[in-house]
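Topology and contacts: notes
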Amino acid sequence: MAMAAVCWAVRAVRQVLPSPCPRQVRSYYVDWRMLRDVKRRKMAYEHADERLRINAIRKNSILPKELQEVADKEIAALPRDSCPVRIRNRCVLTSRPRGVKRRWRVSRIVFRHFADHAQMSGVQRAMW
Amino acid sequence: KDKSAASKDSTHEGAAKRQEDGAETPKQQLLDIIGTMKVEVSYRKKLQQLKASESKKQAMKKLEGLGSEGSVPQGITEDTQRGKPLNPELVKAASAVASSLPHNKKQTESELLAQLRRHEETTDKQKKGGTINIRNVISEMTVKRQSPAQRGARISGRISLQLDEDGQRIRPERLSARSMESRRCCEILNIGFLFFVYRSLKVGKRLNIFTKASTEPEHALKTVSSPTIWDLEFAKEVAAVTAQPPRNGFEEMIQWTKEGILWEFPIDNEVGMEDDAEFHEHIFLEKHLEGFPREGPIRHFMELVICGLSKNPYLSVKQKVEHIEWFQKYFEEKKELLQEI
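Reference entry: report on the structure contained in this document. Computed from a predicted structure; not experimentally measured.

Next up on the list: the overall build of chain A. A count of helices and strands for chain A gives 4 helices and 2 strands. Along chain A, helices (α) and strands (β) appear in the sequence α-α-α-β-β-α when read from the amino end. Of all 128 residues assigned to chain A, the portion counted as buried reaches 30%. The contacts in chain A between residues at least 6 apart in sequence include a share of 44% that link residues at least 24 apart. Counting every atom, chain A has about 9700 Å² of accessible surface; 54% of that belongs to carbon and sulfur.

Below, the structure is given as structure tokens:
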């Protein structure tokens, strides 16, 4: 999510780079779904500790059950976008939800495109 | 050494021999000089000439010394051969060293004295400034030979430039021959130049361009306590104006590293992670469990939590302490519930 993070940073705080050379800066995400995914990721990061601790209380055989039920309610009360399950590993360049290779964070079509142009480090056409 | 060995037999014979040697060697030296004058004056020959002239001077001094001190007793003639008396302390030291050594004592003593004499001669020469002539010669020689080497380099450079510019127009054969010749000349001249440079590094007048770095503590006690905002802004403006777009990939990567886009190589896995806490602070976390009841399921639960945290290498001590404190808060809030149970 390096690209997404950079984009988010750009949208949030437009830093004036000291160098005068005009660099191509992307100021928009590919589409709204990608934006929403980014929001979810941010929220999940914020609430990650809380969720972990409440879940530790819930998934327990030592503490009393009443306490665990209370913890269940508490975690349900958290915002929906804070759970990491809602995050979808989309393609970073095309926002494609399916066919995304985890290592490169790109969809299969983009991967093929870059690999054929020899822009993927260490990637070669298979032949055996 | 032969002279000194001969002297130990009998001074009169030695004196006579020395006189004859003294008379012959200047003649020989003169002949050498004349012989060398005919051949092209090269650096080595000049040095030899100078050395010969100096030895001639020594021989002349010898003769003078002998002539004036012919009647002086034996013991002193050895030492005052060359007209410069050696330090009596040095003589004593030499004799002591010779006596300590197992082999021929007299021979070793005479050899040591000869060595000392040579050292004294060189020091006297340097004091009088006899070696400056060599230096001047060398410096002159280097100055003269610089220009042809440079010229050769320029010519070869021009030729190569022409090749690059025109390329196909000029016949490669013609230019290759010329360039080869010029290159050969350049090489020879460069070798000669290097030879001179090598010598001139050891010899030469001090130019006093560089001064020794002063070991005084720097006067960095300038009271620049806090750079004002205006100073910072000015610095930023200057940086923005002077910053040129990167000329090549390396400069681009440097810029990226400065901005933080690119990591610094070799990759340091602990960048940004400055955990100065000792291992015992990570592992022994029981002291943070003071706020909890001593018995009961909560204590049991918290002990498990602490066990897990002590095995966690990814969290800092602060984060672990925060973790435990959060649980403390949570259980305090739920105290009423717990008391009902």
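Moving on from the coordinates now.
Core analysis: the largest hydrophobic core is formed by 22 residues, its most contacted members being Ile57(A), Phe292(B), Phe301(B), Met302(B), Phe327(B) and Phe331(B). Of all the elements in the fold, those that place two or more residues in this core are helix 2 (32–58) and helix 3 (65–77) of chain A together with helix 12 (297–310) and helix 13 (317–333) of chain B. In contact with Phe292(B), not counting residues within four places along its chain, are Ile298(B), Arg299(B), Met302(B), Ile324(B), Phe327(B), Gln328(B) and Phe331(B).

Right, let's talk about unusual backbone geometry for a bit. Between Phe265(B) and the following residue, Pro266(B), the backbone shows a cis peptide bond with an omega angle of -5 degrees. Considering the arrangement of structural elements, one finds Pro266(B) in the loop between helix 10 (249–259) and helix 11 (279–283). You will see that Ser95(A), though not glycine, has its phi angle at about 65 degrees, which is positive. By the secondary structure assignment, Ser95(A) is in the loop between helix 3 and strand 1 (100–101). In this structure, Arg105(A) takes a positive phi of about 60 degrees despite not being glycine. Within the secondary structure, Arg105(A) is located in the loop between strand 1 and strand 2 (106–107). Relative accessible area serves as the criterion here: at 40%, Arg105(A) is assigned to the partly exposed category.

Calculation criteria
Residues numbered from 1 in each chain as written. Chains lettered and ligands numbered in written order. Predicted model: local features only at pLDDT ≥ 70, side-chain atom pairs only at ≥ 80, totals over all residues. Heavy atoms only, no water. Helix = DSSP H or I, 4+ residues; strand = E, 2+ residues; numbered from the N terminus. Buried < 20%, exposed > 50% of the residue type's maximum accessible area, 1.4 Å probe, protein only. Contact = heavy atoms within 4.5 Å. Areas by Shrake-Rupley, 256 points an atom, 1.4 Å probe, with all protein chains shown as cover. Core = buried A, V, L, I, M, F, W, Y, C linked by side-chain atoms within 4.5 Å.

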